Structure formats: C-alpha cells, structure tokens
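# Results of the structural survey
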There are 2 protein chains.
Amino acid sequence: MTTKIEHILLYTGLRLVEDGCLLIRDGAILYAGERSGCPEGAQGVIDGKGGICMPGLCNAHAHAAMTLLRGVGSDLQLQEWLQQIWPAEDRLNGEHVYNGTMLAAMEMISRGITSFADQYFFMDDTARAVVDSGMRANLSRGIVSTGGNDEQKLQEGVRLFEDWNGAADGRIKVYLAPHAEYTTTPDLIHRATRAAARLNTGIHIHISETPREVEECRQRYGISPVRYFEREGMFEVPVIGAHCVAVDDEDIAILARRQVKVVHNPASNMKLASGVAPVTKMMAAGIDVALGTDGVASNNTTDLFADMKLAAILQKGFLMDPTAMPVEKVLHMATRAGALAMGFENVGVLEAGMRADLLILDKDAPNLTPSTDVLANLVYAAQGLNVRLTMVDGKVLYKDGEYLTLDKEKVLFEAQKSAHALGL
Amino acid sequence: MTTKIEHILLYTGLRLVEDGCLLIRDGAILYAGERSGCPEGAQGVIDGKGGICMPGLCNAHAHAAMTLLRGVGSDLQLQEWLQQIWPAEDRLNGEHVYNGTMLAAMEMISRGITSFADQYFFMDDTARAVVDSGMRANLSRGIVSTGGNDEQKLQEGVRLFEDWNGAADGRIKVYLAPHAEYTTTPDLIHRATRAAARLNTGIHIHISETPREVEECRQRYGISPVRYFEREGMFEVPVIGAHCVAVDDEDIAILARRQVKVVHNPASNMKLASGVAPVTKMMAAGIDVALGTDGVASNNTTDLFADMKLAAILQKGFLMDPTAMPVEKVLHMATRAGALAMGFENVGVLEAGMRADLLILDKDAPNLTPSTDVLANLVYAAQGLNVRLTMVDGKVLYKDGEYLTLDKEKVLFEAQKSAHALGL
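## Overview of the pairing of strand E1 (residues 2-11) of chain B
Residue and element names in this part refer to chain B. Across the 10 residues of E1, nine count as buried, placing the element largely inside the fold. Two strands pair when backbone bridges link them, and E1 and strand E2 (residues 16-25) are joined in this way by eight bridges, in the antiparallel orientation. If you follow tyrosine 11 over to E2, its bridge partner there is leucine 16. A loop of four residues connects E1 with E2, the two strands running antiparallel in sequence, and glycine 13 in this loop sits at a positive phi of about 105 degrees.

Right, dumping it as structure tokens:
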C-alpha cells in the first residue's frame with residue numbers, strides 16, 4: 001500500500017518545503033520533497049491542505065500508566081507527595097497499567113507524540129497497550145533493589161526483552177531499567193549492565209534528578225551518580241539517562257564522552273522543584289539531549305509542544321540569554337534526538353528511507369496565524385491540540401479528533417474505573 | 001432574558017459545587033450553587049453536561065494588536081529583536097490594529113479569556129474590536145516621551161477615555177499609559193498622574209521588567225523605578241504595574257503599601273530572558289498579583305492556561321520549593337486578581353451579583369482524566385483548547401469551536417493581509 005500526503009508545508013527536521021509531499025510505502029518514506037517531484041503510483045492520498053507536516057514527537061522519558069495518578073498530591077513536598085503516590089501504586093495490577101497506558105496513548109496520539117520511552121512495572125500490559133494503540137515505544141521493567149528481590153525483577157526485565165523486543169513490526173524495543181543510583185545496589189548495576197550487553201540492548205535509568213540525590217550519592221560512594229555509574233561500568237552499554245539536572249562540568253564531560261542519551265524533563269523538574277538542567281551546556285559539550293514529559297503525576301499532562309516551549313524559555317530565562325536554545329535545537333530535541341535515545345535509528349526525520357512517524361497540524365489555527373516564522377510557531381505558539389493527524393509507521397492513528405485504533409469512550413471509562421480502584 | 005447553565009461542575013473561584021447551576025439575567029449572576037436550589041424561570045438553558053464551569057480568565061497585560069507580529073525575531077538579543085519589531089510597528093495603521101486585535105480576540109475567546117488590559121496605539125481601533133468581539137477590556141494609549149510629542153499622545157489618551165470609558169455596557173474601561181520609566185520623563189509622569197486623578201481613572205505602566213532597566217534608572221535618578229514612581233506621586237492613582245521582575249524588598253513593600261496591581265507575565269519574562277519575578281514574595285507581602293500574557297511578539301501565544309502552569313512551576317523550580325504557588329493562588333491570579341487590577345470590581349468570581357464572565361471546559365477530555373483533583377487539573381493539565389464555551393457579560397461568544405461574534409475566516413484573512421502589509 002502506497003500513500004501520498006500532499007499539499008503540506010513540510011518540515012522534515014532538516015529542511016522546510018513550501019509545497020511539500022511525502023510518499024510512503026509499507027510504513028517507509030519513499031520520497032520527501034516538492035510536490036512537483038513526487039513519483040506517481042500512490043493508491044491512497046491524504047490531502048494535507050492547510051497543514052504543517054513534521055516528524056512525530058518522541059517522548060523519551062515517561063511512566064505512561066501513571067496517567068491514572070493525574071493530579072494526585074500536587075503542591076506537596078516530595079516525601080508527602082510520594083506518600084500519596086505509593087499506596088495507590090501498591091494497588092496497581094496489570095489491568096490498571098493497561099488502562100492507564102491506553103489513556104496515556106490517547107493523550108499522546110492526539111498531541112502528535114508517536115513514540116515514548118517507558119520505565120514502570122506490569123510492562124507486558126504496557127506492551128499490549130502499545131500494540132493496540134499503534135504507537136512506537138522503548139519499554140523497560142523498572143527495578144528497585146529494596147525488598148531483596150531485585151534479581152527477580154531483573155529477570156522479569158530480561159523476559160520482557162525476550163518476549164517483546166522487536167515486536168509489532170519493530171515498533172517495540174526493550175531496555176533494562178535499574179531505577180536510579182539511590183534505589184539500587186552496585187551489584188544490581190553490574191548484573192543489569194551484563195544482561196544488557198549480552199542481549200545487545202541498553203539501560204533506561206534516572207540520573208542526578210535532584211541536588212539531594214547527588215549529595216547522598218557522594219556520602220555513600222564519595223562521587224556523583226554520573227562518576228559512580230561510569231566507575232561501575234554501566235556506560236559500556238547504551239544508556240537513556242533521565243533528568244541530569246544536578247550535574248557538574250566533569251559529569252557533563254563523562255556523559256558526552258560516553259554518549260549517554262540525556263533526557264530533559266523540564267515540566268517535571270520545575271514542578272517537583274528539582275531545578276533547571278544545564279541543557280545548553282550539555283548540548284555545547286556534544287550531548288544529544290532529548291525531551292521527555294516524565295509521568296503525569298509530576299507534569300500533569302503529556303504535551304511535548306508545551307514542553308518544547310518550556311525547554312526553550314527556561315534556558316533563556318535561567319541563563320539570562322534570549323539567544324539560548326533556539327527553535328531548531330528544540331525541534332531536534334523533541335524529534336530526532338528522542339528517537340536516537342530510544343534506539344530507533346530510522347525515526348525522527350522525514351526523509352526517504354526513514355519510517356513514517358509524523359504529525360500534521362493546522363497551519364491556519366488562530367494561534368498559528370500569521371505564519372511569518374513557521375519553526376518559531378511550532379515551538380512557541382503551537383499546542384498539542386492543534387494536531388489534526390498523527391501517523392506511526394505509516395498508519396494513521398488519529399485524524400480530525402477521531403482515534404482510529406482506540407475506542408475513546410471505552411478508554412476514558414476504563415481509566416476512570418482503574419483510578420477509582422486505586423482509591424483515588 | 002434569563003439563562004440557566006446546568007449540569008456543571010462549578011468552580012466559582014471561592015468554592016467547588018459538584019452538581020452546579022448558574023442563573024443569569026441581563027449579564028448578571030442571580031444564582032450560583034447547587035442545581036437543586038436554583039430558582040425557576042429561565043427562558044434559555046445551556047446544558048453544561050460533562051463540563052467544568054469557572055470564571056473567565058483575565059489577561060491583565062497585553063498588546064493585542066501585536067498578534068500580527070507573532071514569531072518575529074525569535075531567539076534574538078533584545079536590541080536585535082526590537083530592530084525587527086520597530087520597522088513593522090512604524091507601518092501600523094488603525095486598520096492593522098483592528099485586524100490584529102480581532103485575531104487576538106479570537107485566540108483569547110477560544111481559550112476562555114474573557115477580559116484583557118491593553119496598552120498600545122490606534123486604540124480607537126482596539127476599542128472597536130472589543131465592541132465587535134464582545135470581550136471586556138481595560139484600554140490605554142501607550143505614551144513614550146521620545147519625539148517631543150508626549151503631550152499630544154497624553155491628550156489622545158484622555159480623548160480615548162472621554163470617548164470610550166464605560167462604553168459597551170461598561171465592558172470598556174480606559175486608563176492612561178505612560179509606557180515605562182525609561183521611555184518617559186518625570187514631567188510626563190506628573191501630567192499623566194494629574195490627568196488620571198482628574199478623570200478618576202488609573203495608569204497602566206511597565207515597571208522594572210529587567211535588571212538593566214533598574215540599573216539605568218538608578219544611574220539617572222539614584223533610585224529604583226518603584227521608588228522613583230512613588231517619589232513622583234504616580235501611586236496616588238490606581239496603577240497596573242506590568243512585570244516587576246527586578247524588584248527588591250523595599251520595592252515590594254512600596255508596591256504592597258500603595259496597592260499597586262502587579263501583573264506577572266512569566267512566558268514573556270522567560271522568553272526575553274528578563275528573569276523570574278518574585279511572585280511568592282510579593283504575594284506574601286500582600287500584593288494581589290495578576291497574570292498576563294504580554295504581547296504575542298514575546299510569548300508567542302495567548303493562552304492563560306499555559307501561563308498559569310508556567311507561573312506555578314516557575315516559582316517551585318526557582319525557589320526549590322514544591323509547595324510554592326499552590327493551585328488556588330494561581331487560579332485567583334488568573335481570574336479575580338486580574339479583574340480587580342483592571343478595575344472590574346464585579347468580575348472574576350461566579351457568585352450572585354457578579355457579571356457572567358465565564359468559561360466551560362471539557363471535564364472528560366483525555367488530558368483531564370481522571371479528575372481526581374479538579375483544581376490541579378485546571379492549573380497543571382488543562383489547555384486553552386479544552387475550552388468549549390466562553391461567555392462575557394452573559395453573552396456566549398464561543399461554543400464548540402464556533403465563534404458567535406466573529407467571522408473566523410474573515411478575521412484570519414484580514415490578519416494575514418495586515419501582516420503582509422507590515423512587511424512580514
């Protein structure tokens with residue numbers, strides 16, 4: 001099946017094409033460019049008139065099922081917040097996780113997010129939701145060493161890899177996920193790293209989210225989490241490093257040298273009062289920083305358009321430099337860098353040979369008029385709800401308010417029911 | 001004409017009513033509370049099923065016509081940015097200002113913003129757009145002393161007051177608007193203050209937006225802008241003070257004692273790299289801080305839902321305190337505080353005796369499910385595009401994507417045309 005998307009203002013991630021066109025066969029982009037040069041032979045045509053087409057957004061750090069915990073424990077100190085979150089999480093079962101992930105998928109799809117990296121538990125149910133929703137995802141079973149059963153959790157992560165890595169036509173990748181320095185032991189880090197190396201996969205982990213985490217790590221090991229992970233050999237495998245807020249110059253040099261895929265989560269970092277990650281400095285050091293929403297318990301929505309704007313203006317305001325974090329860098333962060341962080345090499349740019357993960361948004365919406373600077377509009381003025389079409393792997397998942405893979409009423413109903421079952 | 005809005009989850013600004021109802025006659029709220037207690041006798045009924053009804057958002061600092069300049073000069077140093085803005089502004093005429101304000105009104109109405117405070121020029125045309133769109137506004141002719149004709153501009157401001165103050169059934173108020181300390185003379189401040197006192201109106205002015213502005217004021221007068229304005233007597237009349245980013249404790253004490261209506265513009269302050277206003281400290285000192293979008297050339301959209309979230313998480317992240325700026329304070333800032341700043345005493349709370357400026361948004365939207373904490377959802381998860389109905393002074397302006405006072409296609413077309421005419 002070959003599909004043509006035409007009459008679009010096309011932003012491929014590398015260039016802007018005024019009267020653009022995409023030709024897609026079996027989920028792969030055959031042609032991206034001027035409409036006049038587009039090969040013939042499409043069976044299906046999507047008329048994108050009045051639309052801007054760009055790479056789908058890549059949400060490189062999330063806990064999708066936590067959508068069920070939206071709004072729980074707002075405006076509280078971390079410890080009090082966790083004391084509201086934990087009892088609810090204790091009641092979670094696989095069905096809840098499936099329902100929460102389907103709700104998250106619905107929110108993401110309607111905002112042009114085409115892929116996400118998830119670290120949580122009951123991950124088979126998350127994987128089922130990825131298959132059913134049609135999204136692309138990097139999944140991992142989060143492991144904490146408390147309770148003495150971390151080997152069992154690690155084996156669950158390995159089993160998740162064996163069952164799901166490469167599934168759904170390659171839309172699912174599986175990483176291993178020791179949770180963070182402060183929730184694991186050096187021994188677990190060694191075992192997880194060895195397992196990841198053996199499986200030829202990577203690790204998704206929280207790194208230096210708060211100054212307090214770094215301080216406590218120094219008390220335990222005399223060094224920062226970044227130096228600790230390097231010393232323990234974890235950076236020998238590909239790593240998605242969420243947050244990296246409290247990192248110093250030496251940490252940044254290590255992250256750059258080891259090509260760690262740092263994921264910036266600006267909304268969560270600000271809401272939880274963790275601070276502003278030195279993204280400008282990390283990028284200058286050569287780190288290909290990606291963007292994430294984090295879980296909905298700390299964001300409280302999943303809209304990377306909002307987070308792109310936040311990422312851009314936070315760096316400007318924090319560094320007192322209006323030229324910091326220009327739009328091209330922000331767009332790269334939310335698309336190609338995220339895809340690469342998740343290990344999807346052929347995603348994040350709309351050029352021939354790549355997979356067709358994309359969104360089309362309404363160029364003529366009031367908040368995008370006039371369109372004097374299209375890229376500035378995408379970063380500073382667009383909102384997720386401007387999206388009118390979302391496609392993953394060549395398949396339309398969302399169009400003009402309709403979900404093609406999800407039953408909206410059912411997903412909302414089941415999610416509400418699960419939230420009630422958690423005592424919320 | 002009496003209208004009933006029923007089957008709503010009602011947030012009046014003071015309390016939450018589960019099965020709520022509003023009765024509205026001639027733009028005034030007769031009853032607000034439980035549906036079961038609502039008086040009979042409505043001629044019209046609005047079924048708000050599945051909706052959350054709350055006070056309309058009050059945008060207390062804007063330059064609406066600058067919507068035409070959306071996206072101009074992004075990511076530049078202030079001086080380079082202004083050099084892109086000024087030539088376009090030089091070409092502005094009344095028709096452009098009308099068209100830009102209509103576009104801004106469309107964007108605001110569709111996001112639940114019911115009133116705004118505007119400081120610009122060609123303000124008769126702004127006033128026409130307010131009348132035509134059905135919004136509520138505090139309008140003022142911005143005055144800079146450069147060019148030696150500030151008395152003429154002040155007289156234009158006075159004439160604007162005489163022609164428009166109280167117009168459109170009281171929906172329009174007119175203030176005077178010396179632009180800022182660095183763009184005016186002490187003599188103009190005196191004349192404007194005297195004129196405002198004589199007309200029994202107020203002043204809308206930029207105050208201490210950047211550290212540089214404060215530094216230059218100190219070089220000129222030996223004191224900060226706040227102390228300077230106090231010394232020159234300007235705080236004898238009601239003042240809308242936009243920004244107040246670079247204020248110290250003594251400034252804050254003066255602003256509190258003089259009951260200056262400070263307007264926080266977080267998106268603009270961050271994008272222009274001005275810094276984070278000490279809103280938590282100002283509120284603790286007793287200042288009733290309001291919220292503004294500022295002009296679209298520095299925001300670049302007009303969505304107070306986005307700016308509510310930003311205001312809340314900026315204070316948390318900046319102060320490293322997750323309890324800073326809780327949701328009730330943010331909601332107050334974006335509603336009642338803004339109405340009071342603009343001088344609309346009977347706006348901003350949905351209780352009997354107040355004017356019916358309100359919005360209804362979709363409680364069951366994916367990004368607002370589950371609704372465990374309604375107020376947290378409004379601040380942290382809602383977006384302007386969740387709004388499905390906007391009412392000003394008892395009149396529906398927007399419903400389910402349709403504009404009842406504006407011709408959407410015409411407004412978009414004319415705005416694009418005006419943007420082209422400005423050389424954009």
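## So, the sheet that holds strand E11 (residues 239-243) of chain B
Residue and element names in this part refer to chain B. Sheet architecture is open: four strands sit in the order E10-E11-E12-E13, paired in parallel fashion. At either end of the open sheet lies a strand with only one pairing partner, and these are strand E10 (203-207) and strand E13 (290-291). Alignment of strand E12 (residues 261-264) against E13, held across two bridges, turns out to be parallel. Paired with histidine 264 across the bridge in E13 is leucine 291.

## As for the packing of aromatic side chains
Two measures describe an aromatic ring pair: the distance that separates the ring centres and the angle between the ring planes. Residue and element names in this part refer to chain A. Per the stated rule, a full pass over the model turns up 12 aromatic pairs over all chains. Ring geometry for phenylalanine 229 and phenylalanine 235: centres 6.4 Å apart, planes at 65 degrees, overall edge-to-face. Across the pair, exposure class does not vary: phenylalanine 229 and phenylalanine 235 are buried alike. Ring pairs connect the aromatic residues Tyr221, Tyr228, Phe229 and Phe235, which therefore count as one cluster. Between arginine 128 and the ring centre of tyrosine 98, over which it is positioned, the NZ or CZ distance is 4.4 Å.

## Quick look at the relation of the copies chain B and chain A
Under the fitted operation, chain B is carried onto chain A by 0.0 Å of movement along the axis and a turn of 180 degrees, and the coordinates agree to an RMSD of 0.0 Å. Such a combination of rotation and displacement between the chain copies is what one expects of a two-fold axis. For chain B, the minimum C-alpha distance to the rotation axis belongs to B:Leu385 and amounts to 3.2 Å. A high fraction, 100%, of the interface residues of chain B reappear at the interface in chain A, so the copies pair face to face through one surface.

## A word on the packing of helix H2 (residues 94-110) of chain B against helix H3 (residues 123-133) of chain B
Residues and elements named next belong to chain B. Interaxial distance between H2 and H3 falls to 8 Å at its minimum, and their mutual angle equals 35 degrees. Both H2 and H3 take part in a crossing whose hand is right-handed. On H3, the residues touching Gly94, Val97, Tyr98, Thr101, Met102, Ala105 and Ile109 of H2 are Asp125, Thr126, Arg128, Ala129, Asp132 and Ser133. Across the contact of H2 with H3, the residue classes tally to six nonpolar, four polar and three charged.

## As for the pattern of salt bridges
This structure, assessed with the given rule, holds 59 salt bridges over all chains. Of the charged contacts in the structure, one is a salt bridge between A:Glu414 and A:Lys417, with a shortest N-O distance of 3.6 Å. A residue pair is termed a helical-turn pair when its members lie 3 or 4 positions apart in one helix, as A:Glu414 and A:Lys417 do in helix H16 (residues 408-421) at three residues. Taking the relative accessible area as the measure of exposure, A:Lys417 reaches 43% and is therefore partly exposed. Note that B:Arg70 is salt-bridged to B:Glu107, the shortest N-O span being 2.9 Å. Pair noted here: B:Arg70 is in the loop between strand E5 (57-62) and helix H1 (78-90) and B:Glu107 is in helix H2, with a separation of 37 residues, a long-range link. Like B:Glu107, B:Arg70 is buried. When salt bridges with common partners are traced through the structure, they connect A:Arg218, A:Arg227, A:Asp248, A:Glu250 and A:Asp251 into a single cluster.

## Looking at helix H6 (residues 186-199) of chain B
Residues and elements named next belong to chain B. In this model H6 runs 20 Å from its N-terminal to its C-terminal C-alpha over 14 residues, within 8% of the 20 Å that 1.5 Å per residue would give. Within H6 the residues assigned to the buried category are Leu188, Ile189, Arg191, Ala192, Thr193, Ala195, Ala196 and Leu199. As for H6, its buried residues are in contact with strand E7 (136-143), helix H4 (150-164), strand E9 (177-178), E10 and helix H8 (225-231). Among the residues trailing H6, asparagine 200 stands out with phi positive, at a value near 60 degrees.

## Observations concerning the pairing of strand E10 (residues 239-243) of chain A
Residues and elements named next belong to chain A. For E10, a buried count of five out of five residues is recorded, marking the element as mostly surrounded by other parts of the structure. When strand E9 (residues 203-207) meets E10, the two strands line up parallel, connected through five bridges. Across the sheet, residue histidine 204 finds its bridge partner in E10, namely isoleucine 240. In this region the chain leaves E10, passes through helix H9 (residues 249-257) and returns to the parallel neighbour strand E11 (residues 261-264); the handedness of that crossover is right-handed.

## What about empty space enclosed by the protein?
On inspection of all chains with the given rule, the structure shows six cavities of 30 Å³ or more. The computed volume of the largest cavity comes to approximately 330 Å³. What lines the largest cavity is a set of 27 residues, among which A:Ala306, A:Lys309, B:Ala306, B:Asp307 and B:Lys309 lie closest to the centre. For the lining of the largest cavity, the secondary structure elements donating two or more residues are helix H12 (304-319) and helix H15 (374-381) of chain A together with helix H12 (304-319) and helix H15 (374-381) of chain B. Of the residues belonging to the lining of the largest cavity, the class tally is 16 nonpolar, five polar and six charged.

## Some details on the interface of chain B and chain A
Taken together, the contacts link 63 residues of chain B with 63 residues of chain A. A buried area of about 4,900 Å², summed over both sides, lies between chain B and chain A, and 61% of it is on carbon and sulfur atoms. Applying the counting criterion to the chain B and chain A interface returns two salt bridges. Taking the shortest distance from any N to any O, the salt bridge between B:Lys316 and A:Asp75 comes out at 2.6 Å. Taken together, chain B and chain A are joined by 20 residue pairs in polar contact (both at pLDDT 80 or more). Within the residue set of the side of chain B that touches chain A, elements represented by two or more residues are H2, helix H10 (266-271), H12, H15 and helix H16 (408-421) of chain B. Ranked by residues supplied to the side of chain B that touches chain A, first place goes to H12(B) with eight residues. Grouping the amino acids of the side of chain B that touches chain A by side-chain chemistry returns 32 nonpolar, 19 polar and 12 charged.

Procedures and definitions
- Residues numbered from 1 in each chain as written.
- Chains lettered and ligands numbered in written order.
- Predicted model: local features only at pLDDT ≥ 70, side-chain atom pairs only at ≥ 80, totals over all residues.
- Heavy atoms only, no water.
- Buried < 20%, exposed > 50% of the residue type's maximum accessible area, 1.4 Å probe, protein only.
- Helix = DSSP H or I, 4+ residues; strand = E, 2+ residues; numbered from the N terminus.
- Pairing = 2+ DSSP bridges.
- Phe/Tyr/Trp six-rings, centres within 6.5 Å; stacked < 30°, edge-to-face > 60°.
- Lys NZ or Arg CZ within 6 Å of the ring centre and 35° of its normal.
- Least-squares fit on C-alpha atoms with pLDDT ≥ 70 in both.
- Contact = heavy atoms within 4.5 Å.
- Axes fitted to C-alpha atoms, helices over the stretch in contact; angles between N-to-C directions.
- Left-handed = near helix turned anticlockwise from the far one by under 90°.
- Nonpolar A, V, L, I, M, F, W, Y, C, P; charged D, E, K, R; others polar.
- Salt bridge = Lys/Arg side-chain N within 4 Å of Asp/Glu carboxyl O.
- Expected span 1.5 Å × (residues − 1).
- Right-handed = clockwise from strand over helix to strand, strands pointing away.
- 1 Å grid on protein atoms, 1.4 Å probe; cavity = no way out; pocket = protein on both sides within 12 Å on 5 of 7 lines; lining within 4 Å.
- Points joined across faces, edges and corners; volume = space filled by probe spheres on them.
- Buried area = accessible area lost by both parts, 1.4 Å probe.
- Polar contact = N/O pair within 3.5 Å; in protein donor to acceptor, adjacent residues only side chain to side chain.

Read these as layout, nothing more, since geometry by itself doesn't imply function.
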